Amino acid sequence: WLLARHPAKWDCTYLINVPVLKALDDYCGVTLSLKNHYGSIGNPGDHHADIMEFLPRLNSRPELRDKTRLVVLDALYGQYRWYNGRDQATVIPVNRILVSDDPVAIDFLGWQLIEGLRRQAGLGPVEPQPVYIAAAAAAGLGVADRERIELQELRMGGSE
């Protein structure tokens, strides 16, 4: 792991994670804040087969878990379907930004946004289901239960 081999690279006070709203069909369902740290390691290709189990373990690392202070989900646009590259036909305006200190809650809410976009487009749920989100919650990394997530909506400028 890059994290273990290069600890000096993690000599920072905090991390801000800024994922985008995107489905990832035929791989892990969605790619949001937890998967965003795939770019934090030097060997992500080694974990394609075990990604559902690997993502909670990766995000449990102290270098990530203890230093992540803010997650800002860029949902101004969302890609509700992804197969081997960007297809502008499946990117639509969502006009939202989600902010939290809980990466699991952000991923859960982002996943639900994607599922809503898919329903509007006449598609079924993402496949595979992103079970790593519930696994991350079970590992104590955050909340993946809509009833326990406090969501406050702020509207800025203009009318919608």
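Counting restarts for each chain, with residues numbered from 1 along the sequence as it is written. Confidence filtering applies because this is a predicted model: local features only for residues at pLDDT of at least 70, side-chain atom pairs given and counted only at 80 or more, and all residues used for totals across whole chains, interfaces and linings. Only hydrogens and water are set aside; all other atoms, that is, all heavy atoms of the structure, feed into the side-chain values.

**Some words on helix 6 (residues 131-138)**
Okay, step 1: The buried label goes to any residue with under 20% of its type's maximum accessible area, the exposed label to any with over 50%, and the partly exposed label to all in between, with areas taken from a 1.4 Å probe on protein chains only. Numbering goes from the N terminus for both helices and strands, where a helix is a DSSP run of H or I of at least four residues and a strand is a run of E of at least two. Restricting attention to buried positions, one finds in helix 6 the residues Tyr 132, Ile 133 and Ala 136. Projection of helix 6 onto a plane perpendicular to its axis shows the buried side chains occupying an angular sector of 105°, all on one side.
Okay, step 2: Every residue pair with non-hydrogen atoms within 4.5 Å of one another is taken to be in contact. Turning to helix 6, the residues buried within the fold contact strand 3 (29-30), helix 2 (33-36), helix 3 (51-60) and helix 5 (103-120).
Okay, step 3: Following helix 6 by one or two positions, Gly 140 adopts a phi angle in the positive range, close to 85°. Here, the arc refers to the directions that run from the helix axis to the C-beta atoms.

**What about the pattern of salt bridges?**
It is possible for side chains of opposite charge to pair when their charged atoms get near one another.
Okay, step 1: We define a salt bridge as a contact between a side-chain nitrogen of Lys or Arg and a carboxyl oxygen of Asp or Glu at a distance within 4 Å. In the structure shown here, the tally under the stated rule is four salt bridges.
Okay, step 2: The shortest N-O distance in the salt bridge between Arg 57 and Asp 50 comes to 3.4 Å.

**Overview of the environment of Leu 154**
Okay, step 1: Within the element layout of this structure, Leu 154 appears in the segment after helix 6.
Okay, step 2: Owing to a relative accessible area of 70%, Leu 154 belongs among the exposed residues under this scheme.

**A look at the environment of Phe 108**
Okay, step 1: Counting through the fold element by element, Phe 108 comes out in helix 5.
Okay, step 2: For Phe 108 and Val 143, which are 35 residues apart along the polypeptide, the C-alpha to C-alpha distance reads 8.1 Å.
Okay, step 3: Setting aside its immediate chain neighbours within four residues, Phe 108 contacts Ile 133, Ala 144, Asp 145, Arg 146 and Ile 149.

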